[in-house]
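Spelled out from the first residue to the last, the chains are:
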Amino acid sequence: MGITARGVGLLVAAVALLGVGFRYAYPELTVLGAAAAVAVGHALVTAAWRPRLAVERGADPDRVARGEPASMTLTVRNTGRLRAANLVAEDRCGAALVPVPLLRLRPGRDTTVRYDVPTRRRGVVPVGPLQVTRRDPLGLVAMARPYGGTVPVWVHPRIHPLRAVPTGAGRSLDGRTDSVPHGSITFDSLREYVVGDELRRVHWRTSARVGELMVRENVDTSLPRIVVVLDNRAAAHPQRVDGVAESFEAGCEAAASVVAAAVREDLPVSLLLVVPADGGPAGAGGPLDRLAAVELADAGDDVLRTSTSRLRQERLGDTLVFLTGPGGRGDLGHVGALRGAYPSVLVGVLGAAEPTPAGAAGLVVVDAADGAEFAAEWDGVRRW
């Protein structure tokens with residue numbers, strides 16, 4: 001509940017008139033003061049009335065790529081039985097407020113408003129709740145109440161089509177790493193026979209030696225496990241345009257493009273951040289939702305060193321794609337140390353105004369000004 005400036009002025013005048021009227025026995029002033037006090041009291045009672053409203057909202061669609069259209073449909077119903085609602089309402093859409101007309105909304109009736117959701121920037125746009133303001137006729141008191149919940153609209157990075165994907169690396173039993181075509185099946189291990197196993201998978205020589213049936217476990221080693229690491233350190237993306245690090249936005253687009261290409265080819269892919277995000281918005285799904293919600297974080301070289309150490313120990317795949325900004329060029333030595341754990345390592349430097357020096361940490365480096373240029377340069381890389 002909030003008393004407006006007009007209400008505060010009238011309340012002060014009421015106190016002053018009542019005080020002077022009683023002190024100096026002026027009944028006229030006392031009557032005026034009492035009338036002002038009654039007006040403020042009536043305004044408080046009027047604004048305190050809570051209208052019964054049901055709010056429904058839906059995004060169409062709720063997940064879009066940056067720049068694609070998205071809209072929100074808001075329906076407000078007066079569920080009261082006695083009074084028509086004559087209210088001022090605004091729906092919050094990100095940082096903007098959208099007016100919602102609720103003039104003379106009769107009991108049982110509803111009104112629907114449809115408006116565009118801004119998708120010019122990557123991110124999660126929270127829409128709602130509906131802010132309903134109840135005012136008295138004199139404008140002395142205003143009370144704002146929220147109705148309904150909040151619906152997020154996920155604005156994903158743009159996806160640029162990539163024609164080339166890693167061919168994969170098959171590891172032989174003697175320790176060699178060979179490039180293999182898709183679809184090859186390689187022996188991995190032996191295990192005990194269980195009911196339901198195919199007899200053609202029984203390894204008879206080993207079974208005769210150990211005295212029980214042993215079956216072969218095969219794996220498809222031709223399917224490369226792609227690990228995409230996005231450098232979300234603020235130091236790696238120092239340039240800002242209107243407060244936005246365009247190199248980081250390009251990095252998000254590059255990460256989304258690699259993930260989408262891997263999914264299209266049915267390749268296992270995982271997305272990691274140099275600075276892990278704490279939780280995230282409710283309702284987050286796959287990697288594209290994570291890319292929509294990720295933000296830059298203030299962190300030093302120790303975080304990168306810890307992240308690369310974890311990648312080296314866990315060996316999450318055989319193809320590593322590390323995406324950073326111009327400020328991350330000086331830290332490529334940490335990435336170069338991963339070449340022993342990952343047969344294929346590629347570094348993308350987004351927002352690059354000049355090429356990375358040749359032979360930087362012995363890595364394959366793709367310099368690109370934005371996500372579209374990264375996609376074009378990616379398709380030109382033949383060394384996996």
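Every value quoted in this text rests on a predicted model; they were computed, and no experiment measured them.

1. Points about the UniProt feature "transmembrane region" (unreviewed entry) in the protein
Move 1: As annotated in UniProt, the feature "transmembrane region" (unreviewed entry) corresponds to residues 7-25 in the numbering used here.
Move 2: With 95% helix and 0% strand, residues 7-25 has end C-alpha atoms that lie 26 Å from one another.

2. Examining the pairing of strand β9 (residues 141-147)
Each regular strand shows side chains that alternate between the opposite faces of the sheet.
Move 1: When you tally the buried positions in β9, you get five out of seven residues, the bulk of the element.
Move 2: As paired strands, strand β1 (residues 2-3) and β9 are joined by two bridges and run antiparallel to one another. Across the sheet, the residue bridging to G2 is A142, located in β9.
Move 3: In this structure, strand β8 (residues 123-135) lies alongside β9, joined through six bridges in antiparallel fashion. Bridging across to β9, R135 finds its partner in A142.
Move 4: Here β8 folds back onto β9, and the loop between the two strands holds five residues, one of which, G139, carries a positive phi near 70°.

3. Focus on the side chain of T46
Move 1: Among the secondary structure elements, T46 is positioned in helix α2 (residues 27-48).
Move 2: On the basis of relative accessible area, T46 is assigned to the buried category, the value being 16%.
Move 3: Aside from chain neighbours lying at most four places away, what touches T46 is R134, R135, D136 and P137.

4. Some words on the sheet that holds strand β7 (residues 110-116)
Move 1: Strand order across the open sheet formed by three strands is β2-β4-β7, with antiparallel pairing between neighbours. Edge positions in the open sheet fall to β2 (53-60) and β7, since each of these has one partner strand only. Each strand of the sheet is rotated relative to its neighbour by a mean of 15°, with strand direction disregarded.
Move 2: In this structure, strand β4 (residues 71-78) lies alongside β7, joined through seven bridges in antiparallel fashion. Bridge assignment links T73 to a residue of β7, and that residue is R114.

5. Structural notes on the packing of aromatic side chains
Centre distance and the angle of the planes are the two values used to describe a pair of aromatic rings.
Move 1: Evaluated as defined, the whole model comprises one aromatic pair.
Move 2: Geometrically, the ring pair formed by F374 and W378 is tilted, given 5.8 Å between the ring centres and 50° between the ring planes. Of this pair, F374 and W378 are both found in helix α8 (residues 371-380), four residues apart, which corresponds to roughly one turn of the helix. Assigned by exposure class, F374 and W378 land together as buried.
Move 3: Between R23 and the ring centre of Y24, over which it is positioned, the NZ or CZ distance is 5.2 Å.

6. Brief notes about the packing of helix α4 (residues 246-264) against α8
Move 1: It is at 8 Å that the axes of α4 and α8 come closest, and there the two elements cross at 45°. In terms of axis orientation, α4 runs oblique to α8. When you trace α4 past α8, the crossing you get is right-handed. For the pair α4 and α8, the contacting residues are A250, E253, A254 and V258 in the first and G371, F374 and W378 in the second.
Move 2: Across the contact of α4 with α8, the residue classes tally to five nonpolar, one polar and one charged.

Conventions we followed
Residues numbered from 1 in each chain as written. Predicted model: local features only at pLDDT ≥ 70, side-chain atom pairs only at ≥ 80, totals over all residues. Heavy atoms only, no water. UniProt positions renumbered as here; feature names shortened; annotations may be inferred. Helix = DSSP H or I, 4+ residues; strand = E, 2+ residues; numbered from the N terminus. Buried < 20%, exposed > 50% of the residue type's maximum accessible area, 1.4 Å probe, protein only. Pairing = 2+ DSSP bridges. Contact = heavy atoms within 4.5 Å. Axes fitted to C-alpha atoms, helices over the stretch in contact; angles between N-to-C directions. Phe/Tyr/Trp six-rings, centres within 6.5 Å; stacked < 30°, edge-to-face > 60°. Lys NZ or Arg CZ within 6 Å of the ring centre and 35° of its normal. Parallel < 35°, antiparallel > 145°, perpendicular 65-115°, else oblique. Left-handed = near helix turned anticlockwise from the far one by under 90°. Nonpolar A, V, L, I, M, F, W, Y, C, P; charged D, E, K, R; others polar.

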